[in-house]
Amino acid sequence: MPGGEEMSPGEALRTARIAVDQHMTKKLDDEHMWHEETATDILLSTASPRIRYKAFGKDHEKEHGADWLWCWVDRDGTTFCLLVQAKILKRAPSGKRWTIDFAYKTRGDKEHRPQISKLIAASDRYEAAAAYVLYCGDPEYRATLECDRRHDGAPCRERQRVGVSAVSALVAENAVTYYGRDAGVAAFHTAVPVEDIAGSDNLDTPIVPLTRGLPEDLAHFLRQPQRGARRAAKELLRPVEQIRAGQFSTATLERAAPAAGALFPDLPADRGHFSVPYLSHMLRGLRAETPGYVRDVMEGRTPPAWVTAHLAGIVLVTDADAQPATGGWIADSASGPVENRTSSAMTPGTRGAA
Ligand SMILES: [Zn+2]
């Protein structure tokens, strides 16, 4: 990987996110919308070679959309697998409504299952967590977005770096169930810049679990700063845990069925208002060893057909726990949360590129 080794995954994805931002801004200037596939292509090709990707072809798209399996692989083999579907934050022509097409039903789908349940079911195959990557345009595009939820920093529409962001499928499911026509805004509100999930360059604050009496290794994972694969899993779990903490139902003390090969096999079966036991769904993707089909891609082999037939491809974040390079990126992140810089958001010349 010449030229890419010095970068942290977060830095590679930050560069890639900026390229996607620029693409979305150009399309908007041309009075067009961008496409999920094009945005993903720009994201992955710009993040390469630090982040590698292997595409498997196009037939899967009829059935599954263009799902990619993202895999963070640490130097000791610890791996986090995340099944990712791309979506667009869409503005209605009136400019007043914002939607993300989570509940889209494929034409002729006899089961009428919403895509979210399909994505969660599909993630079972890889024992992965499921998530959406959201392509959300630039702050000028989002200028009329009204979010009535509480904001610690800037309101949603003014946040920087969220043009490409990610949210767990469980968060999306919760948004669809409880926010109805405002589900898109609710999910966007909770989405995290993709570079923060992939990277480990920013502060990692503790997660306070609802469930008491967790296994000590899991409690330690939630409490202590993490890097690499563990950090990616933790950043996606964080909003899910926050939603669970806001639900007025008692956490069950039952244990979920142990997941073979998982770093934390012994997890509570508590599901709150989610459709599946949330800790086990989020953390089953965190594996003590790298799955064989991921090793196949790492070592230049084609994975088995049961993997390739159902995926757009695999994204590989190797050495996910490597220390970030010294220099501008660290200075940049140490200067404070970028999303709280609000005043420059609408200034000409800074559109799209934070
Ligand atoms: Zn908001």
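Just so you know, these numbers come straight off a predicted model, no measurement behind them. Counting of residues starts from 1 at the beginning of each chain's written sequence and follows it residue by residue. Reporting of local features is limited, given that this is a predicted model, to residues whose pLDDT is at least 70; pairs of side-chain atoms are given and counted only at 80 or more, and all residues count toward the totals for whole chains, interfaces and linings. Working from all heavy atoms in the structure, the side-chain values ignore hydrogens and water.

**Things to note about the coordination of the zinc ion**
Under ideal tetrahedral coordination, the four donors around a metal are separated by 109.5 degrees; under ideal octahedral coordination, the six donors are separated by 90 or 180 degrees.
Here comes step 1: Around the zinc ion, the donor atoms from the protein are Cys147 (SG), His151 (NE2), Cys156 (SG) and His189 (ND1), and they sit 1.9 to 2.3 Å away.
Here comes step 2: Of note is the zinc ion, whose four donor atoms meet at the metal with angles of 100 to 116° in an arrangement that counts as tetrahedral.
Here comes step 3: Counted as coordinating are nitrogen, oxygen and sulfur atoms within 2.8 Å of the metal, or 3.2 Å for Na, K and Ca, while water is not included, which may make sites look incomplete. If you list the donors of the zinc ion from N- to C-terminus, the spacing comes out as C-x3-H-x4-C-x32-H. Of this pair, Cys147 sits in the loop between strand S6 (129-135) and strand S7 (164-168) while His189 is found in helix H6 (residues 183-190), placing the two residues 42 residues apart along the sequence.
Here comes step 4: When its relative accessible area of 16% is taken as the criterion, Cys147 is described as buried.
Here comes step 5: Taking the relative accessible area as the measure of exposure, His189 reaches 19% and is therefore buried. A four-donor site is called tetrahedral if each angle lies between 85 and 135 degrees; a four-donor site is square planar, and a six-donor site octahedral, when trans pairs exceed 155 degrees and the remaining angles lie between 65 and 115; all other cases are labelled irregular. Only DSSP runs of H or I covering at least 4 residues are called helices, and only runs of E covering at least 2 are called strands; the numbering of each starts at the N terminus. Burial status follows relative accessibility: with a 1.4 Å probe on protein chains alone, a residue under 20% of its type maximum counts as buried, one over 50% as exposed, and anything between as partly exposed.

**So, the nonpolar core**
Here comes step 1: Here the nonpolar core consists of buried residues drawn from Ala, Val, Leu, Ile, Met, Phe, Trp, Tyr and Cys, with membership extended through side-chain atoms lying within 4.5 Å. Leu69, Trp70, Trp72, Phe80, Tyr135, Leu283 and Ile314 are the most contacted members of the largest nonpolar core, which has 99 residues in total.
Here comes step 2: Only heavy atoms enter the contact rule, under which two residues are in contact if any of them lie within 4.5 Å. When neighbours within four sequence positions are excluded, Leu69 is seen to be in contact with Cys81, Leu82, Leu83, Tyr126, Ala128, Tyr293, Leu311, Gly313, Ile314 and Val315.

**Side note on the pattern of salt bridges**
When the charged atoms of two side chains with opposite charge come close together, those side chains can pair.
Here comes step 1: Salt-bridge detection follows one rule: a side-chain nitrogen of Lys or Arg within 4 Å of a carboxyl oxygen of Asp or Glu. One pass over the full model with this rule turns up 21 salt bridges.
Here comes step 2: Note that Glu235 and Arg231 form a salt bridge whose closest N and O atoms lie 2.8 Å from each other. In this pair, Glu235 and Arg231 both sit in helix H9 (residues 228-245), four residues apart, roughly one turn of the helix.
Here comes step 3: On the basis of relative accessibility, which here comes to 8%, the residue Glu235 falls in the buried class.
Here comes step 4: Between Arg244 and Asp270 there is a salt bridge, with the nearest N and O atoms lying 2.8 Å from each other.

**Some points on the side chain of Asp74**
Here comes step 1: Structurally, Asp74 can be placed in the loop between strand S2 (68-73) and strand S3 (79-88).
Here comes step 2: The exposure class assigned to Asp74 is buried, which follows from its relative accessible area of 4%.
Here comes step 3: For this analysis, a polar contact is any N or O atom pair within 3.5 Å, provided that within protein one partner can donate a hydrogen and the other can accept it, and provided that sequence-adjacent residues contribute only side-chain to side-chain pairs. Polar contacts involving the side chain of Asp74 include one to the main-chain amide nitrogen of Ala229, which spans 2.9 Å.
Here comes step 4: Residues within four places of Asp74 in sequence aside, it is in contact with Arg227, Gly228, Ala229, Arg230, Ala320 and Asp321.

**Overview of the packing of helix H4 (residues 115-126) against helix H5 (residues 169-179)**
The description of two packed helices rests on the angle between their axes and on the distance between the axes.
Here comes step 1: For the pair H4 and H5, interaxial distance at closest approach is 10 Å and the crossing angle is 160°. The angle between H4 and H5 places the two elements in the roughly antiparallel class. Crossing hand, H4 versus H5: left-handed. Residues Ile116, Leu119 and Ile120 of H4 form the contact with H5, whose participating residues are Ala169, Leu170, Ala172, Glu173 and Val176.
Here comes step 2: Along the lines of polarity and charge, the residues of the contact of H4 with H5 split into seven nonpolar, no polar and one charged. Note on geometry: axes are C-alpha line fits, over the in-contact stretch for helices, and angles between N-to-C directions span 0 to 180 degrees. By definition in this entry, angles of less than 35 degrees are roughly parallel, angles greater than 145 are roughly antiparallel, angles of 65 to 115 are roughly perpendicular, and the rest are oblique. Each helix crossing is assigned a hand: it is left-handed if the near helix lies turned anticlockwise from the far helix by less than a right angle, otherwise right-handed if that turn is clockwise. Residues are sorted three ways: Asp, Glu, Lys and Arg are charged, Ala, Val, Leu, Ile, Met, Phe, Trp, Tyr, Cys and Pro are nonpolar, and all the rest, Gly among them, are polar.

**Remarks on H6**
Here comes step 1: Counting buried residues along H6, eight of its eight residues qualify, which places the element largely inside the surrounding structure.
Here comes step 2: For H6, the full list of buried residues reads Ala183, Gly184, Val185, Ala186, Ala187, Phe188, His189 and Thr190.
Here comes step 3: Summarising the contacts, the buried residues of H6 are in contact with strand S5 (98-99), S6, S7, H5, strand S8 (192-193) and H9.

**Concerning the state of the cysteines**
Here comes step 1: We call a pair of cysteine sulfur atoms a disulfide when they lie within 2.5 Å. Under the counting rule described, the total for this entry stands at zero disulfides.
Here comes step 2: Looking at Cys71, it has no disulfide partner, and the nearest cysteine sulfur is the one in Cys81, 3.8 Å off.
Here comes step 3: Here Cys71 falls in the buried class, since its relative accessible area comes to 0%.
Here comes step 4: Here Cys136 is not cross-linked by a disulfide; its sulfur's nearest cysteine counterpart is in Cys156, at 9.7 Å.
Here comes step 5: Taking relative accessible area as the criterion, Cys136 reaches 0% and is therefore assigned buried.

In short, shape yes, function no, at least from these values alone.
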